[in-house]
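A structural walkthrough
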Amino acid sequence: MRRTRNLILTVIAVVLFAFFLDKAPLLLNGYWQRILNLIAINAILALSLNLIYGITGMFSLGHAGFMAIGAYVSALLVLSPAQKNAMWILEDIYPWLLNVNAPFIASIIIAGVVAAIFGLLVALPVLRLGGDYLGIATLGFAEIIRILITNTARLTNGSLGLKGIPAYTTLFMSWGCLGVVLLCTVCMLRSNFGGVLRAVRDDEVAARMMGINTFRVKVIAFTLGCFGGGLGGALMGNLITTIDPRMFMITQTYNILMIIVVGGLGSVTGSIIGSALVTTMLEWLRFVENPITIGSINIPGIPGMRMVIFSLLLIMVIIFRREGIMGMREFTWDIFFPRRKRAAESPSAKTDTVLEVRDVTLKFGGLSAIDDLSFDIKHGQIMGLIGPNGAGKTSAFNVISGFYKPTSGTIKFMGESIGGLSPDKVCKAGMSRTFQNIRLFGHETVLQNVMTGSRIRQKYSWWMTLAPFVFTDVIREDSAVKARAMDLLSQLGLADFAYEKASSLPYGAQRRLEIARALATRPKFLLLDEPAAGMNPQESEELLQFIRRLRDEFDLTILLIEHDMKVVMGVCDYIHVLDQGVHIAQGTPDEIKANPRVIEAYLGKGAA
Amino acid sequence: MNLNIFIQHFINALSLGSLYGLVAVGYTMVYGILRLINFAHGDIFMLGAYFVYFATIVYHFPWAVGVITAIILTTICGLLVDRIAYKPLREAPRISALISAIGVSFFIENFAVVVFTGMPRPVVQPPILMKPIEFSGGVRLIPLGILVPVVSFALVGVLLWLLYRTKPGLAMRAISFDIEATRMMGVSVNKIIALAFGLGSALAAVAGIMWALRYPRVEPFMGMTPGIKAFIAAVFGGIGSVPGAMIGGLILGFVEIMSVAFFPTLSGYKDAFAFLLLIMILLFRPTGLLGEKLEDKI
Amino acid sequence: MSMLKIDGLNVNYGAIHAVRDVSLEINRGEIVTLIGANGAGKSSVIRSIMGLTKSTAREMTYTSPRDNKPVNILGHPAEDHVKLGISLSPEGRRILPQLTVEENLRLGAYIRDDAKGIADDMEYVYGLFPRLKERHRQKGGTLSGGEQQMLAVGRALMSRPDLLMLDEPSLGLAPVLVDEVFGIIREINAQGRTILLVEQNAFAALKAAHRAYVLEVGAVSLSGTGVELLDNPKVRAAYLGG
């Protein structure tokens, strides 16, 4: 119902806009037509950079380089041999290049693909870096690309650039491309794969624990973004008909960055609005650089003033309205209609010993965080791991769940060795965990957090999400995952919060959500890191019941770290005690309570 | 290549490298403390060059007075940038400050175009710095070529003394590891950050002045490429490390000058070497030559 | 004679109400301890007193023995507190790993300019912790956990505080060292400094303290003298799960 309504509204809007574009040459002069074209192209560029940076969280400053590749590839394909012959003055063009030709549409797609290939080559080494270093490295690549273009005159005509490129970029062409890019982007971002992208941005560590190979996801997003950069560059070249290497300096990247910052990092709607605003303003601001005559007064133009105002606005936006116009919100037709509330399987496997830890030692520098730790967990057990602060409990968790490689020793999960496997592989094998300091994908809805957890159990590939109407598996699997997620949420008493932002939940609910998300990966074995931290006695009493229920309803085996003794003693079948990395005791809750070594480690000397 | 020409190149590389190093020191100090790439630093360098141009060539100050005036004015600009564009964002996500830095860089460059026009202006070199000195073996060097590295090394020496032998220096080293713990010791963190910006800007001003003398002209975008290369030098040497920044600058200077000297056909790719060097070091030793590892906590 | 008086302190981190309406008072010359389980809000209280965490309170006044004038310290930055005579040895030690032991101590004396006095105090700290003297040229990061803890306490003493706050000084220390640290805490107190101690090691803390507050889920649930609480069955239960 709602979906049909929105679809109809969208179709109407698109038809109206197409009609407007059709009549635009009559309504608008060349200047405004050019602005309209630039808006569409900048929107494509902004969307693609936003995918890399705003959505997936990779700070890239290399977009101008990928634009340059796209612009040159397309131009070289559409220029006629005669034009090429006339243009290469200093050095001869490569003979094979002289006769290469392609129709415009093919040329811009090839341009995007070549840019994407370069993007992939860049991504493989560089995306291992994080944060600012990634920004600088991508900036470096963009500069290298520019320098290569300048210096390979036989291929690119060097610093002279290319002139007389046919002006194929019509309004229909630019807006049509934007339409396709927009459709694919929106479809992808709405699918569960889109949720995965945002999860990588919000918390990479937690995403890995949800079974996501975050490096692969980042490479995909980066490469797709580069495709957009190449496409935008190609359209740009065919709009302004002249390109040269100086067009693709870092300033170009800054312009696009400005658009997504103004529009809102991570918002598709924001990129479109930002593009319209920034492009119009940049063109409109040209007046301050041209001399104006009002009556008899002549105001001379001030060169540079345009960018001064522009940069001041950028600084002001970032200081006073950091989240931009849209923040991370998106446009939806629903804002015109009052919202109504909307209102749900279990895994099983039987192996006797679920986890087998043997002689595991973990060292940082010279210090042992864990020393020669061994224990087993049997199917269906709830096992407690306790010990004073700094005893190595969380380190043990990190080793078991694959965040740290043990210095020595073996870990077997369901009979398979997992020591040294990465967290996403461990998760795939059927293990999941929560974190001591809750790690949710804070900007996402509660529902999306859980759905992200289910991504590893889905079969469709990421590229199908670009066109879900063709690959209907995407829609089917996503709706199944959504139903299961809603189911989980209602079992955990979170259904009312499904569409709230995860970070806005009360503390206890955030803890439960983290567990729900872990359950969505369909684990056989669950690690809980201090689930009762920050709960009041009544809440921890409820938690006690809840953990037992979890085990029974989801057929789980559970290992938990906990400081709240009431919870530990109340729920655990068996307890291991660590102190300063050493395994000092084990036994049933009653044995542990009576163990003098434990009392001493916990309470200090003289307590026993 | 005979010895004479080699020595010329060597001195050239030393000058260029020490200039990169001097600018890199400013990047490394700010990054070490705030984890912020101060994109505007290259433009502060440009302002230094312009101020000395105006002081000495337009307003005919004596050189010494002109240089000091330029350093003071540049330092004030550096402090203003921190105060206006970065300080309000101390609590914000780091990316906001980074974008603000890009905005400031844009602003300074274009403001310079508005005020100084985009035309490059020639700088008159004081003849005393340009008169070649003959050494035995036919080696001829101009005093400027020797002055640049000497001044640079002396200034970095002074900076190291400040960092390692004075109280504000101690505080500055401390806040680059742990701002909050340093604040608990009674250190006014904002004053120390301002000091870092001030010192960095003063060094950039000196570098800008010497740059303007070497390539005798000034123009509004002159800080862009040296700025980025100096940042690369800082990363190369190990971000946060002052000696590292200087070493990174020197290596960059030598790679650029020597590769072109030995392989003249590569001169068109001169600017690409810095980036290649950067990508290599990031891949094989992400902490740079002298850098410390910054760990993420799970 | 009251030195620090707090009434109705609240701390919020987003949705988490970490400290709820905590009131406490510290008198001159006392050792007061704040005990409670992990996450009970102990560190948040101490950080609010130091001005490191945003908080609200009806009253937070500090009376310096230097001039006996009560001043409001709520909402002031940490560096002002140090000048008033409050200092903190923070949770997790927070020593500066790349600075030498001596530089760490020097940093502790940042607000002071009396070279002679600083040198004397450094000798005093080395007297308390002879191990630090042996390693005064070593970088802080190369010290063992126990030595780092000593350094953190020593560094907090270097500003010559009247009120010394210690956050989990026994954390991660071997039992032998725990006794040593608490011995030194008593010694520092005997020399005239008031001490606020946050501890997880409840028994050691209660034995050392004159008075104690028990925090549970951000609120004070019990208070009394150290001896009283040591015998309180509720305290024993809370720490061993009854």
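Report on the accompanying structure.

Cut-off values and rules
Residues numbered from 1 in each chain as written. Chains lettered and ligands numbered in written order. Predicted model: local features only at pLDDT ≥ 70, side-chain atom pairs only at ≥ 80, totals over all residues. Heavy atoms only, no water. Helix = DSSP H or I, 4+ residues; strand = E, 2+ residues; numbered from the N terminus. Rg over C-alpha atoms; globule rule 2.2 N^0.38 Å. Buried < 20%, exposed > 50% of the residue type's maximum accessible area, 1.4 Å probe, protein only. Contact = heavy atoms within 4.5 Å. Areas by Shrake-Rupley, 256 points an atom, 1.4 Å probe, with all protein chains shown as cover. Lys, Arg positive; Asp, Glu negative; His and termini not counted. Charge placed at Lys NZ, Arg CZ, Asp CG, Glu CD. Salt bridge = Lys/Arg side-chain N within 4 Å of Asp/Glu carboxyl O. Pairing = 2+ DSSP bridges. Axes fitted to C-alpha atoms, helices over the stretch in contact; angles between N-to-C directions. Buried area = accessible area lost by both parts, 1.4 Å probe. Polar contact = N/O pair within 3.5 Å; in protein donor to acceptor, adjacent residues only side chain to side chain. Nonpolar A, V, L, I, M, F, W, Y, C, P; charged D, E, K, R; others polar. Expected span 1.5 Å × (residues − 1).

**Section: the overall build of chain C**
Across its full length, chain C holds 10 helices and 10 strands. A globule of 242 residues ought to have a C-alpha radius of gyration of about 18 Å, and chain C, at 17 Å, matches this closely. Seen along its three principal axes, the alpha-carbon backbone of chain C occupies a region of about 45 × 40 × 35 Å. Each of the 242 residues in chain C was classed as buried or not, and the buried ones make up 57%. Summarising the internal contacts of chain C: among those between residues at least 6 apart in sequence, 68% fall at separations of at least 24. Carbon and sulfur atoms provide 52% of the accessible area of chain C, an area that totals close to 9,400 Å². Side chains of chain C carry 28 positive and 28 negative charges; the gap between the two charge centres is 2 Å.

**Topic: the overall build of chain B**
A count of helices and strands for chain B gives 12 helices and four strands. Its C-alpha atoms give chain B a radius of gyration of 19 Å, near enough to 19 Å, the size a compact globule of 298 residues would have. Its C-alpha atoms give chain B principal-axis dimensions of about 60 × 45 × 35 Å. The buried share among the 298 residues of chain B stands at 57%. Taking the intrachain contacts of chain B between residues at least 6 apart in sequence as the baseline, contacts between residues at least 24 apart amount to 75%. In the form shown here, chain B has an accessible surface area of approximately 12,100 Å², with 70% of it arising from carbon and sulfur atoms.

**Comments concerning the pattern of salt bridges**
Residues and elements named next belong to chain A. For the coordinates displayed, the defined rule picks out 40 salt bridges over all chains. Between Asp376 and Arg358 there is a salt bridge, with its nearest N and O atoms 3.0 Å apart. With Asp376 in strand β4 (residues 367-378) and Arg358 in strand β3 (residues 353-364), this residue pair connects regions lying 18 residues apart in the sequence.

**Remarks on the sheet that holds strand β8 (residues 194-199) of chain C**
All names here are of chain C. Across the sheet, six strands lie side by side as β6-β7-β8-β3-β9-β10; this open sheet has mixed pairing. Only two strands of the sheet have a single neighbouring strand rather than two, namely β6 (86-89) and β10 (219-225). In this sheet, neighbouring strand axes are inclined to one another by 15 degrees on average, regardless of whether the strands run parallel or antiparallel. Summarising the sheet, strand β3 (residues 31-35) and strand β9 (residues 211-216) pair through four bridges and their orientation is parallel. Its bridge partner being in β9, Leu34 is matched across the sheet by Tyr213. Contacts from helix α6 (residues 145-157) reach β6 and β7 (163-167) within the one sheet, and its direction differs from that of β6 by about 170 degrees.

**Here we look at the interface of chain A and chain B**
Counting residues at the interface gives 44 residues for chain A, matched by 43 residues for chain B. Per-residue buried area on chain A facing chain B is highest for Asp132, Tyr133 and Ile136 of chain A; these three make up 17% of the total on that side. Taken together, chain A and chain B are joined by two residue pairs in polar contact (both at pLDDT 80 or more). Among the elements of the structure, α7 (131-151), α13 (250-263) and α15 (305-320) of chain A are those that each provide at least two residues to the side of chain A that touches chain B.

**Structural notes on the interface of chain C and chain B**
When the parts of a complex come together, some accessible area is lost, and that lost area is often used as the size of the interface. The interface is formed by 23 residues belonging to chain C together with 20 residues belonging to chain B. A buried area of about 2,000 Å², summed over both sides, lies between chain C and chain B, and 63% of it is on carbon and sulfur atoms. Of all residues in chain C, the largest losses of buried area upon contact with chain B belong to Glu79, Arg94 and Tyr110 of chain C, amounting jointly to 32% of the total for that side. Counting the contacts that link chain C with chain B gives six salt bridges. Note that Arg94 of chain C and Glu180 of chain B form a salt bridge whose closest N and O atoms lie 3.1 Å from each other. On inspection of chain C and its partner chain B, the count reaches seven residue pairs in polar contact (both at pLDDT 80 or more). By residue class, the composition of the side of chain C that touches chain B is 12 nonpolar, two polar and nine charged.

**Some details on helix α11 (residues 242-262) of chain B**
Here α11 of chain B is 21 residues long and its end C-alpha atoms lie 30 Å apart, about the 30 Å a rise of 1.5 Å per residue gives. Among the residues of α11 of chain B, the N-terminal cap falls to Ser241 of chain B, whose side-chain oxygen and the backbone nitrogen of Gly244 of chain B are separated by 2.9 Å.

**Observations concerning the sheet that holds strand β5 (residues 70-72) of chain C**
Residue and element names in this part refer to chain C. Here four strands make up an open sheet; going across it, the order is β2-β1-β4-β5 and the pairing antiparallel. Each edge of the sheet is formed by a strand with only one pairing partner; in this case those strands are β2 (16-27) and β5. The average angle at which neighbouring strand axes cross in this sheet is 25 degrees, direction not considered. Across four bridges, the pairing between strand β1 (residues 2-13) and strand β4 (residues 59-63) is antiparallel. Bridging from a neighbouring strand, Asp7 pairs with Glu59 of β4. Contacts from helix α1 (residues 42-50) reach β1, β2 and β4 within the one sheet, and its direction differs from that of β1 by about 115 degrees.

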